[in-house]
Amino acid sequence: MTRIVTSPKLQDAYTDALPGSRALFERARRLFPDAVTHDTRRMQPFPLYVDRADGALKWDVDGRRYVDFWMGHGALLFGHNPAHVRDAVREQMMKGTHYGACHAGEVEWGEWVCRLVPSAERVRFTASGTEATHMALRLARAFTGKRHVVKFAGHFHGWHEGVEIGVHPPYDAEPEAGQLAEVVALVSVLPPNDIAAVRERLAKGDVAAVILEPTGGHFGAVPAPASFVAALREETRRAGVLLVFDEVVTGFRVAPGGAQEKLGVTPDLTTLAKILAGGLPGGAVVGREDVLAYLATKPDPEQNRRSKISHHGTFNANPLSAAAGVAMLAAVADGQAIRFADAQAAKLRHAMTEVLAREKVAWRIYGESSDWKIFFGADTPPRDGADQSVREVDWRRLDARHAAQSRALRQALILNGVDFNGSRALVGTCHTDEIVAETVAAFEGAVRAMKDEGLAAP
Ligand SMILES: Cc1ncc(COP(=O)(O)O)c(C=O)c1O
(Lines give C-alpha, C1' and ligand atoms only; values in the text may rest on other atoms or scores of the structure.)
Protein backbone atom coordinates (compact mmCIF):
# COMPACT_ATOMS: atom_id res chain seq x y z
CA MET A 1 0.00 0.00 0.00
CA THR A 2 1.24 3.51 -0.79
CA ARG A 3 2.73 5.58 2.03
CA ILE A 4 0.20 7.97 3.57
CA VAL A 5 1.46 11.51 3.07
CA THR A 6 0.29 14.43 5.19
CA SER A 7 2.79 17.04 4.06
CA PRO A 8 1.74 20.63 4.65
CA LYS A 9 3.37 21.55 1.36
CA LEU A 10 1.33 19.53 -1.05
CA GLN A 11 2.50 21.15 -4.20
CA ASP A 12 6.18 20.79 -3.35
CA ALA A 13 5.67 17.21 -2.27
CA TYR A 14 3.83 16.51 -5.53
CA THR A 15 6.61 18.08 -7.60
CA ASP A 16 9.30 16.13 -5.76
CA ALA A 17 7.47 12.84 -6.04
CA LEU A 18 6.83 12.89 -9.78
CA PRO A 19 10.03 13.81 -11.65
CA GLY A 20 9.15 11.64 -14.65
CA SER A 21 5.80 13.35 -15.13
CA ARG A 22 7.41 16.73 -14.75
CA ALA A 23 9.98 15.93 -17.45
CA LEU A 24 7.27 14.84 -19.89
CA PHE A 25 5.27 17.95 -19.10
CA GLU A 26 8.28 20.08 -20.03
CA ARG A 27 8.35 18.39 -23.43
CA ALA A 28 4.57 18.51 -23.85
CA ARG A 29 4.30 22.22 -23.16
CA ARG A 30 6.40 22.83 -26.26
CA LEU A 31 3.86 20.84 -28.30
CA PHE A 32 0.34 21.21 -26.98
CA PRO A 33 -1.68 24.25 -25.87
CA ASP A 34 -1.75 24.02 -22.06
CA ALA A 35 0.57 21.00 -22.54
CA VAL A 36 -2.45 18.69 -22.70
CA THR A 37 -4.67 16.93 -25.22
CA HIS A 38 -7.95 17.25 -23.27
CA ASP A 39 -8.98 20.26 -21.17
CA THR A 40 -9.80 18.25 -18.06
CA ARG A 41 -6.31 16.74 -18.00
CA ARG A 42 -4.79 20.10 -17.14
CA MET A 43 -3.33 20.05 -13.69
CA GLN A 44 -1.19 22.22 -11.44
CA PRO A 45 1.78 22.19 -11.28
CA PHE A 46 1.79 19.52 -14.03
CA PRO A 47 -0.33 16.48 -14.87
CA LEU A 48 0.32 12.86 -14.07
CA TYR A 49 1.80 10.83 -16.95
CA VAL A 50 0.62 7.25 -16.88
CA ASP A 51 2.61 4.35 -18.22
CA ARG A 52 0.24 1.39 -17.85
CA ALA A 53 -2.99 0.29 -16.21
CA ASP A 54 -4.62 -2.92 -15.10
CA GLY A 55 -7.89 -3.52 -13.26
CA ALA A 56 -8.43 -0.74 -10.73
CA LEU A 57 -4.80 0.35 -10.89
CA LYS A 58 -2.52 2.45 -12.98
CA TRP A 59 1.19 3.19 -12.72
CA ASP A 60 2.84 6.47 -13.62
CA VAL A 61 6.11 6.93 -15.47
CA ASP A 62 7.96 7.03 -12.14
CA GLY A 63 6.57 3.59 -11.28
CA ARG A 64 4.15 4.91 -8.64
CA ARG A 65 0.93 2.96 -8.29
CA TYR A 66 -2.54 4.51 -8.09
CA VAL A 67 -6.09 3.38 -7.59
CA ASP A 68 -7.80 4.88 -10.60
CA PHE A 69 -11.18 6.59 -10.43
CA TRP A 70 -11.11 8.15 -13.88
CA MET A 71 -12.09 4.83 -15.40
CA GLY A 72 -11.32 6.10 -18.89
CA HIS A 73 -13.51 9.22 -18.47
CA GLY A 74 -16.36 6.79 -17.76
CA ALA A 75 -15.65 4.40 -20.65
CA LEU A 76 -14.61 1.55 -18.36
CA LEU A 77 -16.97 -0.43 -16.16
CA PHE A 78 -14.79 -3.48 -15.52
CA GLY A 79 -11.59 -1.52 -14.93
CA HIS A 80 -8.58 -1.51 -17.21
CA ASN A 81 -7.96 -4.35 -19.66
CA PRO A 82 -10.73 -6.74 -18.64
CA ALA A 83 -9.88 -10.10 -20.21
CA HIS A 84 -13.11 -10.41 -22.21
CA VAL A 85 -12.66 -7.05 -23.93
CA ARG A 86 -8.90 -7.36 -24.35
CA ASP A 87 -9.19 -10.81 -25.95
CA ALA A 88 -11.92 -9.67 -28.33
CA VAL A 89 -9.83 -6.69 -29.42
CA ARG A 90 -6.70 -8.80 -29.80
CA GLU A 91 -8.55 -11.33 -31.92
CA GLN A 92 -9.98 -8.58 -34.11
CA MET A 93 -6.59 -6.91 -34.38
CA MET A 94 -5.20 -10.07 -35.97
CA LYS A 95 -8.00 -9.92 -38.55
CA GLY A 96 -7.47 -6.28 -39.48
CA THR A 97 -8.34 -2.91 -38.01
CA HIS A 98 -10.23 -1.25 -40.85
CA TYR A 99 -11.84 -2.91 -43.85
CA GLY A 100 -13.27 0.17 -45.49
CA ALA A 101 -16.35 -2.04 -45.71
CA CYS A 102 -19.34 -3.29 -43.78
CA HIS A 103 -18.62 -6.13 -41.38
CA ALA A 104 -20.35 -8.61 -39.10
CA GLY A 105 -19.04 -6.91 -35.94
CA GLU A 106 -21.00 -3.71 -36.57
CA VAL A 107 -24.20 -5.70 -37.07
CA GLU A 108 -23.68 -7.60 -33.85
CA TRP A 109 -22.83 -4.38 -32.03
CA GLY A 110 -25.97 -2.65 -33.33
CA GLU A 111 -28.07 -5.66 -32.31
CA TRP A 112 -26.71 -5.44 -28.75
CA VAL A 113 -27.56 -1.74 -28.61
CA CYS A 114 -31.13 -2.36 -29.77
CA ARG A 115 -31.51 -5.26 -27.35
CA LEU A 116 -30.41 -3.18 -24.37
CA VAL A 117 -31.55 0.40 -24.97
CA PRO A 118 -35.35 0.70 -24.76
CA SER A 119 -35.70 3.59 -27.25
CA ALA A 120 -33.32 2.17 -29.88
CA GLU A 121 -35.31 1.29 -33.00
CA ARG A 122 -32.43 2.31 -35.26
CA VAL A 123 -28.74 3.00 -34.65
CA ARG A 124 -26.12 5.15 -36.31
CA PHE A 125 -22.56 4.76 -35.07
CA THR A 126 -20.24 7.75 -34.81
CA ALA A 127 -16.65 8.09 -33.64
CA SER A 128 -17.38 9.96 -30.38
CA GLY A 129 -20.04 11.28 -28.05
CA THR A 130 -19.57 14.78 -29.39
CA GLU A 131 -20.36 13.55 -32.89
CA ALA A 132 -23.40 11.73 -31.53
CA THR A 133 -24.95 14.84 -29.95
CA HIS A 134 -24.10 16.81 -33.08
CA MET A 135 -25.99 14.27 -35.18
CA ALA A 136 -28.91 14.08 -32.73
CA LEU A 137 -29.53 17.80 -33.08
CA ARG A 138 -29.20 17.63 -36.87
CA LEU A 139 -31.78 14.86 -36.90
CA ALA A 140 -34.14 16.77 -34.62
CA ARG A 141 -33.94 19.88 -36.78
CA ALA A 142 -34.46 17.88 -39.95
CA PHE A 143 -37.42 15.98 -38.51
CA THR A 144 -39.27 18.90 -36.93
CA GLY A 145 -38.30 21.62 -39.40
CA LYS A 146 -37.59 23.83 -36.36
CA ARG A 147 -34.28 25.45 -35.53
CA HIS A 148 -34.05 26.09 -31.79
CA VAL A 149 -32.70 23.75 -29.13
CA VAL A 150 -33.19 23.78 -25.36
CA LYS A 151 -30.46 22.61 -23.03
CA PHE A 152 -29.87 23.00 -19.30
CA ALA A 153 -27.25 24.99 -17.45
CA GLY A 154 -24.37 22.80 -16.32
CA HIS A 155 -25.26 19.91 -18.67
CA PHE A 156 -22.39 18.84 -20.91
CA HIS A 157 -22.94 17.34 -24.34
CA GLY A 158 -19.49 17.47 -25.93
CA TRP A 159 -17.49 20.30 -27.35
CA HIS A 160 -19.12 21.06 -30.70
CA GLU A 161 -20.36 24.48 -31.61
CA GLY A 162 -24.03 23.74 -31.00
CA VAL A 163 -23.87 22.53 -27.38
CA GLU A 164 -20.74 23.90 -25.69
CA ILE A 165 -22.99 26.59 -24.29
CA GLY A 166 -23.98 27.32 -20.68
CA VAL A 167 -21.92 24.43 -19.35
CA HIS A 168 -19.96 26.31 -16.70
CA PRO A 169 -20.76 29.22 -14.40
CA PRO A 170 -21.99 31.88 -15.08
CA TYR A 171 -23.85 29.74 -17.67
CA ASP A 172 -24.60 32.65 -19.97
CA ALA A 173 -25.15 31.79 -23.59
CA GLU A 174 -22.30 33.94 -24.83
CA PRO A 175 -20.23 32.58 -27.72
CA GLU A 176 -16.77 31.30 -26.83
CA ALA A 177 -13.82 32.37 -28.91
CA GLY A 178 -14.46 31.31 -32.48
CA GLN A 179 -17.97 30.07 -31.82
CA LEU A 180 -20.64 31.39 -34.18
CA ALA A 181 -23.03 33.77 -32.42
CA GLU A 182 -25.76 32.69 -34.85
CA VAL A 183 -25.49 29.10 -33.65
CA VAL A 184 -25.36 30.02 -29.97
CA ALA A 185 -28.43 32.22 -30.46
CA LEU A 186 -30.41 29.12 -31.44
CA VAL A 187 -29.76 27.46 -28.08
CA SER A 188 -31.77 28.37 -24.99
CA VAL A 189 -29.98 27.53 -21.74
CA LEU A 190 -32.60 26.96 -19.04
CA PRO A 191 -32.09 26.40 -15.31
CA PRO A 192 -31.95 22.66 -14.57
CA ASN A 193 -34.99 20.87 -13.17
CA ASP A 194 -37.36 23.79 -13.80
CA ILE A 195 -40.34 22.45 -15.70
CA ALA A 196 -42.17 25.79 -15.69
CA ALA A 197 -39.24 27.37 -17.56
CA VAL A 198 -39.37 24.54 -20.10
CA ARG A 199 -43.12 24.89 -20.57
CA GLU A 200 -42.78 28.61 -21.13
CA ARG A 201 -39.95 28.19 -23.65
CA LEU A 202 -41.65 25.43 -25.64
CA ALA A 203 -44.82 27.53 -25.91
CA LYS A 204 -43.07 29.73 -28.50
CA GLY A 205 -43.35 26.82 -30.93
CA ASP A 206 -39.87 27.11 -32.47
CA VAL A 207 -37.99 24.36 -30.61
CA ALA A 208 -36.76 21.21 -32.38
CA ALA A 209 -35.30 19.39 -29.39
CA VAL A 210 -34.67 19.40 -25.67
CA ILE A 211 -31.40 17.70 -24.77
CA LEU A 212 -30.31 16.75 -21.27
CA GLU A 213 -28.17 14.46 -19.19
CA PRO A 214 -31.07 12.43 -17.76
CA THR A 215 -29.58 11.93 -14.30
CA GLY A 216 -28.51 15.59 -14.11
CA GLY A 217 -25.61 17.74 -15.30
CA HIS A 218 -22.12 16.21 -15.14
CA PHE A 219 -23.51 12.76 -14.43
CA GLY A 220 -25.77 13.96 -11.65
CA ALA A 221 -23.42 16.49 -10.03
CA VAL A 222 -26.67 18.44 -9.91
CA PRO A 223 -29.13 15.53 -9.72
CA ALA A 224 -32.23 15.61 -11.91
CA PRO A 225 -35.31 14.39 -10.03
CA ALA A 226 -37.08 11.52 -11.80
CA SER A 227 -40.30 13.55 -11.62
CA PHE A 228 -38.66 16.34 -13.65
CA VAL A 229 -37.55 13.95 -16.39
CA ALA A 230 -41.03 12.39 -16.55
CA ALA A 231 -42.62 15.86 -16.76
CA LEU A 232 -40.17 16.80 -19.50
CA ARG A 233 -41.31 13.79 -21.49
CA GLU A 234 -44.91 14.95 -21.21
CA GLU A 235 -44.17 18.57 -22.10
CA THR A 236 -42.02 17.72 -25.13
CA ARG A 237 -44.56 15.20 -26.42
CA ARG A 238 -47.34 17.73 -26.06
CA ALA A 239 -45.31 20.41 -27.86
CA GLY A 240 -44.13 18.13 -30.71
CA VAL A 241 -40.52 18.62 -29.63
CA LEU A 242 -38.01 15.77 -29.69
CA LEU A 243 -36.59 14.69 -26.34
CA VAL A 244 -32.91 13.73 -26.53
CA PHE A 245 -31.30 11.85 -23.69
CA ASP A 246 -27.55 12.29 -23.68
CA GLU A 247 -26.60 8.92 -22.24
CA VAL A 248 -22.93 9.14 -23.16
CA VAL A 249 -22.08 8.53 -19.48
CA THR A 250 -25.27 6.94 -18.12
CA GLY A 251 -25.70 4.49 -21.01
CA PHE A 252 -24.92 0.92 -19.90
CA ARG A 253 -23.80 2.33 -16.53
CA VAL A 254 -26.87 3.18 -14.47
CA ALA A 255 -28.72 0.18 -15.94
CA PRO A 256 -28.06 -2.06 -18.96
CA GLY A 257 -30.54 0.13 -20.85
CA GLY A 258 -29.22 3.35 -19.32
CA ALA A 259 -31.15 6.06 -17.49
CA GLN A 260 -34.18 5.54 -19.73
CA GLU A 261 -34.53 2.01 -18.40
CA LYS A 262 -33.97 3.12 -14.82
CA LEU A 263 -36.40 6.04 -15.03
CA GLY A 264 -38.95 4.30 -17.24
CA VAL A 265 -38.96 7.29 -19.60
CA THR A 266 -38.48 6.76 -23.33
CA PRO A 267 -36.78 9.59 -25.23
CA ASP A 268 -37.09 10.10 -28.98
CA LEU A 269 -33.34 10.08 -29.50
CA THR A 270 -30.43 8.93 -27.34
CA THR A 271 -26.75 9.61 -27.66
CA LEU A 272 -24.25 6.99 -26.52
CA ALA A 273 -20.47 6.64 -26.27
CA LYS A 274 -17.93 5.60 -23.58
CA ILE A 275 -19.05 2.16 -22.27
CA LEU A 276 -20.76 1.60 -25.64
CA ALA A 277 -17.36 1.09 -27.27
CA GLY A 278 -15.76 -0.91 -24.49
CA GLY A 279 -12.96 1.57 -23.79
CA LEU A 280 -12.15 2.27 -27.43
CA PRO A 281 -13.34 5.30 -29.41
CA GLY A 282 -16.95 5.25 -30.54
CA GLY A 283 -20.39 6.73 -30.20
CA ALA A 284 -23.90 6.34 -31.53
CA VAL A 285 -27.18 8.11 -31.96
CA VAL A 286 -30.14 5.80 -31.55
CA GLY A 287 -33.89 6.22 -31.42
CA ARG A 288 -37.09 6.39 -33.40
CA GLU A 289 -37.03 4.81 -36.80
CA ASP A 290 -38.96 7.69 -38.40
CA VAL A 291 -36.37 10.19 -37.10
CA LEU A 292 -33.27 8.20 -38.04
CA ALA A 293 -34.90 7.78 -41.45
CA TYR A 294 -33.33 11.17 -42.20
CA LEU A 295 -30.04 9.30 -42.52
CA ALA A 296 -31.50 6.94 -45.12
CA THR A 297 -31.22 7.53 -48.85
CA LYS A 298 -34.46 8.14 -50.72
CA PRO A 299 -35.11 6.86 -54.24
CA ASP A 300 -35.96 10.28 -55.66
CA PRO A 301 -32.93 12.66 -55.82
CA GLU A 302 -35.06 15.72 -55.12
CA GLN A 303 -36.65 14.09 -52.07
CA ASN A 304 -33.17 13.03 -51.03
CA ARG A 305 -31.96 16.60 -51.06
CA ARG A 306 -34.73 17.64 -48.69
CA SER A 307 -34.76 14.69 -46.32
CA LYS A 308 -31.34 13.11 -46.18
CA ILE A 309 -28.52 14.05 -43.82
CA SER A 310 -25.11 13.18 -45.27
CA HIS A 311 -23.01 11.30 -42.79
CA HIS A 312 -19.48 9.99 -43.22
CA GLY A 313 -16.82 9.18 -40.64
CA THR A 314 -13.73 7.09 -41.30
CA PHE A 315 -13.88 5.39 -37.92
CA ASN A 316 -17.65 4.91 -37.54
CA ALA A 317 -18.22 1.37 -36.24
CA ASN A 318 -14.61 0.43 -36.93
CA PRO A 319 -13.91 -3.26 -36.35
CA LEU A 320 -11.82 -2.77 -33.21
CA SER A 321 -14.38 -0.57 -31.45
CA ALA A 322 -17.13 -2.94 -32.56
CA ALA A 323 -15.28 -5.94 -31.10
CA ALA A 324 -14.68 -4.11 -27.81
CA GLY A 325 -18.27 -2.85 -27.77
CA VAL A 326 -19.80 -6.27 -28.34
CA ALA A 327 -17.65 -7.80 -25.58
CA MET A 328 -18.55 -4.96 -23.23
CA LEU A 329 -22.30 -4.90 -23.89
CA ALA A 330 -22.58 -8.68 -23.65
CA ALA A 331 -20.94 -8.49 -20.22
CA VAL A 332 -23.17 -5.63 -19.06
CA ALA A 333 -26.46 -7.11 -20.25
CA ASP A 334 -27.54 -9.04 -17.14
CA GLY A 335 -27.03 -6.03 -14.88
CA GLN A 336 -24.84 -7.91 -12.41
CA ALA A 337 -21.69 -5.86 -13.03
CA ILE A 338 -23.68 -2.64 -12.73
CA ARG A 339 -25.18 -3.72 -9.42
CA PHE A 340 -21.76 -4.68 -8.08
CA ALA A 341 -20.14 -1.40 -9.15
CA ASP A 342 -23.08 0.50 -7.61
CA ALA A 343 -22.64 -1.41 -4.34
CA GLN A 344 -18.89 -0.71 -4.20
CA ALA A 345 -19.53 2.97 -4.88
CA ALA A 346 -22.08 3.06 -2.05
CA LYS A 347 -19.48 1.53 0.31
CA LEU A 348 -16.97 4.17 -0.73
CA ARG A 349 -19.45 7.00 -0.24
CA HIS A 350 -20.41 5.68 3.17
CA ALA A 351 -16.84 5.21 4.42
CA MET A 352 -15.60 8.51 2.99
CA THR A 353 -18.51 10.34 4.62
CA GLU A 354 -17.49 8.77 7.92
CA VAL A 355 -13.94 10.04 7.40
CA LEU A 356 -15.29 13.56 6.88
CA ALA A 357 -17.49 13.29 9.97
CA ARG A 358 -14.56 12.00 12.06
CA GLU A 359 -12.26 14.71 10.79
CA LYS A 360 -15.06 17.28 11.22
CA VAL A 361 -14.69 18.55 7.68
CA ALA A 362 -17.74 20.20 6.15
CA TRP A 363 -17.74 18.61 2.70
CA ARG A 364 -20.23 16.14 1.28
CA ILE A 365 -19.63 12.89 -0.56
CA TYR A 366 -22.56 12.01 -2.78
CA GLY A 367 -23.66 10.15 -5.88
CA GLU A 368 -26.37 7.66 -6.77
CA SER A 369 -24.80 5.12 -9.06
CA SER A 370 -21.28 3.80 -9.72
CA ASP A 371 -19.74 7.09 -8.66
CA TRP A 372 -18.70 9.31 -5.82
CA LYS A 373 -18.62 13.06 -6.00
CA ILE A 374 -17.38 15.65 -3.59
CA PHE A 375 -19.09 18.92 -2.72
CA PHE A 376 -16.70 21.33 -1.03
CA GLY A 377 -19.26 24.03 -0.34
CA ALA A 378 -21.15 22.48 2.58
CA ASP A 379 -21.95 24.57 5.64
CA THR A 380 -22.01 21.78 8.18
CA PRO A 381 -20.12 18.49 8.57
CA PRO A 382 -21.85 15.45 7.08
CA ARG A 383 -23.95 13.45 9.50
CA ASP A 384 -23.34 9.89 8.32
CA GLY A 385 -22.94 7.77 5.20
CA ALA A 386 -26.61 8.09 4.26
CA ASP A 387 -26.57 11.88 4.37
CA GLN A 388 -28.39 13.00 1.21
CA SER A 389 -28.75 16.65 2.23
CA VAL A 390 -26.77 17.66 -0.82
CA ARG A 391 -30.02 17.39 -2.78
CA GLU A 392 -31.30 20.39 -0.83
CA VAL A 393 -28.39 22.57 -1.93
CA ASP A 394 -29.11 25.23 -4.56
CA TRP A 395 -27.98 23.90 -7.95
CA ARG A 396 -25.63 26.82 -8.58
CA ARG A 397 -23.72 26.10 -5.39
CA LEU A 398 -23.63 22.39 -6.12
CA ASP A 399 -22.25 22.98 -9.62
CA ALA A 400 -19.74 25.66 -8.57
CA ARG A 401 -16.01 25.04 -8.99
CA HIS A 402 -13.81 25.03 -5.91
CA ALA A 403 -10.57 25.17 -7.81
CA ALA A 404 -8.10 25.46 -4.94
CA GLN A 405 -9.61 22.67 -2.88
CA SER A 406 -10.19 20.46 -5.86
CA ARG A 407 -6.60 20.82 -7.02
CA ALA A 408 -5.16 20.30 -3.54
CA LEU A 409 -7.30 17.24 -2.90
CA ARG A 410 -6.24 15.79 -6.20
CA GLN A 411 -2.58 16.38 -5.38
CA ALA A 412 -3.03 14.98 -1.89
CA LEU A 413 -4.79 11.89 -3.19
CA ILE A 414 -2.16 11.30 -5.85
CA LEU A 415 0.49 11.49 -3.14
CA ASN A 416 -1.55 8.93 -1.24
CA GLY A 417 -1.94 6.65 -4.24
CA VAL A 418 -5.37 7.55 -5.65
CA ASP A 419 -6.23 9.44 -8.84
CA PHE A 420 -9.57 11.10 -9.61
CA ASN A 421 -10.56 14.24 -11.49
CA GLY A 422 -10.77 16.55 -8.48
CA SER A 423 -14.53 16.52 -7.98
CA ARG A 424 -16.05 13.35 -9.43
CA ALA A 425 -15.03 9.71 -9.50
CA LEU A 426 -16.25 6.71 -11.47
CA VAL A 427 -16.36 3.26 -9.93
CA GLY A 428 -16.11 -0.12 -11.65
CA THR A 429 -16.30 -3.79 -10.78
CA CYS A 430 -12.53 -3.64 -10.28
CA HIS A 431 -12.98 -1.61 -7.09
CA THR A 432 -13.02 -4.58 -4.75
CA ASP A 433 -13.40 -4.38 -0.97
CA GLU A 434 -9.61 -4.29 -0.66
CA ILE A 435 -9.40 -1.39 -3.09
CA VAL A 436 -12.24 0.36 -1.24
CA ALA A 437 -10.32 0.06 2.06
CA GLU A 438 -7.14 1.34 0.42
CA THR A 439 -9.02 4.30 -1.07
CA VAL A 440 -10.63 5.22 2.23
CA ALA A 441 -7.23 5.17 4.00
CA ALA A 442 -5.77 7.35 1.26
CA PHE A 443 -8.71 9.72 1.52
CA GLU A 444 -8.20 10.04 5.26
CA GLY A 445 -4.52 10.89 4.69
CA ALA A 446 -5.45 13.40 2.01
CA VAL A 447 -8.09 15.09 4.17
CA ARG A 448 -5.56 15.46 6.98
CA ALA A 449 -3.05 16.93 4.56
CA MET A 450 -5.71 19.37 3.41
CA LYS A 451 -6.46 20.34 7.00
CA ASP A 452 -2.75 20.97 7.54
CA GLU A 453 -2.85 23.28 4.54
CA GLY A 454 -5.89 25.11 5.91
CA LEU A 455 -7.97 23.91 2.95
CA ALA A 456 -10.40 21.71 4.85
CA ALA A 457 -12.28 23.75 7.37
CA PRO A 458 -14.73 22.31 9.90
C1 LIG B 1 -22.75 13.62 -21.10
C2 LIG B 1 -21.70 13.72 -22.16
N3 LIG B 1 -22.06 13.94 -23.42
C4 LIG B 1 -21.16 14.01 -24.42
C5 LIG B 1 -19.82 13.86 -24.16
C6 LIG B 1 -18.83 13.94 -25.27
O7 LIG B 1 -18.34 12.66 -25.57
P8 LIG B 1 -16.91 12.52 -26.27
O9 LIG B 1 -15.88 12.91 -25.27
O10 LIG B 1 -16.85 11.05 -26.64
O11 LIG B 1 -16.90 13.39 -27.47
C12 LIG B 1 -19.38 13.63 -22.87
C13 LIG B 1 -17.95 13.46 -22.56
O14 LIG B 1 -17.51 13.43 -21.44
C15 LIG B 1 -20.34 13.56 -21.82
O16 LIG B 1 -19.97 13.37 -20.55
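Further up the page is the structure itself.
Every chain is numbered independently, its residues counted from 1 as its sequence is written. Where local features are concerned, this predicted model is filtered to residues with pLDDT of at least 70; where side-chain atom pairs are given and counted, the filter is 80 or more; whole-chain, interface and lining totals use all residues.

Asker: With reference to specific residues and values, describe the site of the ligand.
Answerer: Taken together, 14 residues lie around the ligand, and Ser128, Gly129, Thr130, Gly158 and Val248 are the ones closest in. Classification convention: Asp, Glu, Lys, Arg as charged; Ala, Val, Leu, Ile, Met, Phe, Trp, Tyr, Cys, Pro as nonpolar; all other residues, Gly among them, as polar. Considered class by class, the residues forming the shell around the ligand number four nonpolar, eight polar and two charged. Placing a C-beta atom from the backbone of each residue, we mark the residue near a molecule or strand if the atom is within 6 Å of it.

Asker: Can you tell me about the packing of helix 4 (residues 104-116) against helix 13 (residues 319-332), naming the residues and giving the values?
Answerer: In a pair of packed helices, the angle between the axes and the distance between the axes together describe the arrangement. Put simply, helix 4 and helix 13 touch, their axes get as near as 9 Å, and they point 35 degrees apart. At the point where helix 4 passes helix 13, the crossing takes the left-handed sense. Contacts between helix 4 and helix 13 involve Gly105, Glu106, Glu108, Trp109, Trp112 and Leu116 on the former and, on the latter, Pro319, Ala322, Ala323, Gly325, Val326, Leu329 and Ala330. Class assignment for the residues of the contact of helix 4 with helix 13 results in nine nonpolar, two polar and two charged. Axis definition: a line fitted to C-alpha atoms, over the contacting stretch in the case of helices. Angles run 0 to 180 degrees between N-to-C directions. Counting from the N terminus, the helices are the DSSP runs of H or I reaching at least four residues and the strands are the DSSP runs of E reaching at least two. Crossings are assigned a handedness: left-handed for a near helix turned anticlockwise from the far helix by less than a right angle, right-handed for a clockwise turn. We call two residues in contact if the C-beta atoms placed from their backbones are at most 7 Å apart.

Asker: Break down the sheet that holds strand 1 (residues 50-54) for me, with residues and values.
Answerer: At least two bridges found by DSSP between two strands is the condition for calling them paired. Ordered by their spatial adjacency, four strands build an open sheet running 1-2-3-14, and the pairing between neighbours is mixed. Both outer strands of the open sheet, strand 1 and strand 14 (418-419), are each paired with one neighbouring strand and no more. Judged from the four bridges that link them, strand 1 and strand 2 (residues 57-60) form a sheet pairing that is antiparallel. The residue of strand 2 that forms the bridge with Ala53 is Lys58.

Asker: Outline the nonpolar core, supporting the account with residue identities and numerical values.
Answerer: Proteins that are soluble and globular tend to have nonpolar side chains buried together. Membership of the largest hydrophobic core comes to 126 residues, with the highest contact counts inside it found for Ala136, Ala140, Ala209, Val210, Leu242 and Val244. Of all the elements, helix 13 adds the most residues to this core, at nine residues. No fewer than three residues from each of domain 1 (10-80 + 339-452) and domain 2 (99-317) sit in this core. With residues up to four places along the chain from it excluded, the contact list for Ala209 reads Leu137, Ala140, Val149, Val241, Leu242 and Val244. Put simply, a nonpolar core is buried Ala, Val, Leu, Ile, Met, Phe, Trp, Tyr and Cys residues tied into one set by C-beta atoms within 7 Å. Partly exposed residues are those falling between the two cut-offs: more than 12 but fewer than 20 other C-beta atoms within 10 Å of their own, whereas 20 or more means buried and 12 or fewer means exposed, with C-beta atoms placed from the backbone. Each domain's extent was defined by an automatic or database domain assignment.

Asker: So, the pairing of strand 11 (residues 283-287): which residues are in play, and what are the values?
Answerer: Each regular strand shows side chains that alternate between the opposite faces of the sheet. Counted residue by residue, strand 11 has five buried out of five residues, so it is predominantly covered. With burial as the criterion, each face of strand 11 is covered, one bearing Gly283, Val285 and Gly287 and the other bearing Ala284 and Val286. Across five bridges, strand 4 (residues 122-126) lies against strand 11 in antiparallel orientation. Among the inter-strand pairings, Thr126 is bridged to a residue of strand 11, identified as Gly283. Two strands pair when backbone bridges link them, and strand 10 (residues 269-273) and strand 11 are joined in this way by five bridges, in the antiparallel orientation. Bridge assignment links Thr271 to a residue of strand 11, and that residue is Val285.

Asker: Explain the environment of Asp62 residue by residue, including any values.
Answerer: Its location among the elements puts Asp62 in the loop between strand 2 and strand 3 (65-68). C-alpha separation for the pair Asp62 and Asp194, spaced 132 residues apart in sequence, amounts to 48 Å. With near-sequence residues (within four places) excluded, Asp62 lies in contact with Leu18, Pro19, Gly20 and Ser21.

Asker: Summarise the packing of helix 14 (residues 336-358) against helix 17 (residues 433-452); cite the residues concerned and give the values.
Answerer: Between helix 14 and helix 17, the shortest axis-to-axis distance is 10 Å and the interhelical angle comes to 30 degrees. Comparing their axes, helix 17 and helix 14 come out roughly parallel. Both helix 14 and helix 17 take part in a crossing whose hand is right-handed. Of the residues in helix 17, those in contact with Gln344, Lys347, Leu348, Ala351, Met352, Val355 and Leu356 of helix 14 are Val436, Thr439, Val440, Phe443, Glu444 and Val447. Across the contact of helix 14 with helix 17, the residue classes break down as nine nonpolar, two polar and two charged. An angle below 35 degrees is treated as roughly parallel, one above 145 as roughly antiparallel, one from 65 to 115 as roughly perpendicular, and anything else as oblique.

Asker: Describe the sheet that holds strand 13 (residues 371-375), and please don't skip the residues or the numbers.
Answerer: One open sheet accounts for three strands, arranged 12-13-15; its pairing is antiparallel. Every other strand in the sheet has two partners, leaving strand 12 (364-366) and strand 15 (424-426) as the edge strands with one partner each. This sheet shows a mean twist of 15 degrees between the axes of neighbouring strands, independent of strand direction. Relative to strand 15, strand 13 is paired through three bridges, and the arrangement is antiparallel. Residue pairing in the sheet places Trp372 in a bridge with Ala425 of strand 15.

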